[in-house]
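A closer look at the structure
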Amino acid sequence: MLSNLRQLFRHRALIQILVARDLKARYRGSVLGFFWSFVNPLLLLLVYSLVFTIIFPRGELLGADLEPYPIFLFCGLLPWTWFASSLSDGASVLILNGNLSKKVMFPVEILPMVSVLSNMVHFLFGLPILFGSLWLSGISLRPIELVWFPLVLAVQFILTLGLAMVLASLTVHFRDIKDLLANVLTLWFFASPIIYPMSLVEGRGPSFMGLPPAGKVLMNCNPFAHLAISYQEILFYDGPFGHWKWLLALAVGGTAMFVLGYWLFDRLRDSFVEEV
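From a predicted model like this one, the values you see are computed outputs, not experimental measurements.

Focus: the environment of Leu-100
Tracing the backbone shows Leu-100 in helix H7 (residues 98–101). Sequence separation between Leu-100 and Val-273 is 173 residues; the distance between their C-alpha atoms is 9.7 Å. Not counting chain neighbours up to four residues away, the residues in contact with Leu-100 comprise Arg-21, Phe-106 and Leu-111.

Re helix H8 (residues 110–136)
With 27 residues, H8 should cover 39 Å at 1.5 Å per step; its first-to-last C-alpha distance of 39 Å lies within 8% of that length. At Gly-126, H8 shows its maximal kink, close to 30 degrees; a proline, Pro-128, follows between one and four residues later. Residue Gly-138 follows H8 closely and has a positive phi angle near 80 degrees.

Points about the environment of Pro-68
Summarising the element assignment, Pro-68 is placed in the loop between helix H4 (58–62) and helix H5 (69–91). Counting along the chain gives 15 residues from Pro-68 to Thr-53, while the straight-line C-alpha distance between them is 8.4 Å. Excluding residues that lie within four positions of it along the chain, Pro-68 makes contacts with Ser-137, Ile-139 and Phe-236.

Thoughts on the pattern of salt bridges
Using the criterion set out here, one finds 3 salt bridges in the structure. Between Glu-109 and Arg-269 there is a salt bridge whose closest N-O contact spans 3.0 Å. Here the residue Glu-109 occupies a position in the loop between H7 and H8, and Arg-269 occupies one in helix H14 (residues 244–275), the gap between them amounting to 160 residues. Taking the relative accessible area as the measure of exposure, Glu-109 reaches 5% and is therefore buried. The partner of Arg-269 in a salt bridge is Asp-266, and the shortest N-O contact between them spans 3.0 Å. Residue Arg-269 and its partner Asp-266 are located together in helix H14, separated by 3 residues, close to a single helical turn. Classification of Asp-266 as buried rests on a relative accessible area of 18%. If you follow the salt bridges from partner to partner, you end up with Glu-109, Asp-266 and Arg-269 in one network.

Conventions adopted
- Residues numbered from 1 in each chain as written.
- Predicted model: local features only at pLDDT ≥ 70, side-chain atom pairs only at ≥ 80, totals over all residues.
- Heavy atoms only, no water.
- Helix = DSSP H or I, 4+ residues; strand = E, 2+ residues; numbered from the N terminus.
- Contact = heavy atoms within 4.5 Å.
- Expected span 1.5 Å × (residues − 1).
- Bend = angle between axes of the 7 residues up to and from the residue.
- Salt bridge = Lys/Arg side-chain N within 4 Å of Asp/Glu carboxyl O.
- Buried < 20%, exposed > 50% of the residue type's maximum accessible area, 1.4 Å probe, protein only.

Next up, the structure:
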């Protein structure tokens, strides 16, 4: 496993080529082409601004701390899109690239990474839209807080890659996982503090055996909740970044998930050719 893990760095040129191929294929034949990487986040922000500012002013119901609410929502929604799209694409990446998986010398372990990196590129292209909307809304970014931003990206990347490798290796054998995943991601989205603040649910639910309320336990056990809160505290909320301890704990957990995902992928790699 360790020898194969070291091979990932050696294949960085191939990974770059496949990521570029995936990005080109996604917008092949469209008029705007790659420019959609900027347009899609902008349209998404405009739609949510229209819905939650004019049609359904949700921010007023949740409190003044969430104004402007569309910006608060976008701070969690943009990384969620990267996360959910990476898992959806990663689950079926071996099946869709069966011609590559059957080649003896091809390093199949890079395919889940290509899916995560391709969606990460779209996330990065959406950041100028997010930063621009923060500036237009009068929300100033604090350099001391932005120091944590690359770490949040790194933690999300390693966690997402680990989960994508688990899903990719299992979906080859159990095709139903891809359909089940869509419903799991929908539940996961609403169980994460993206459309609402964590404070809204952490005190809700029953308590058992002296444990905190069920809502707080759910938030603490949800890895994406800590990512969403980290983005919100760094970019949206006024004040110091107080969630750093949870972020560091998630970094350890994300690394463990990557090791587990790579181990499972390495154990099952010999069966991929027969299944795809």
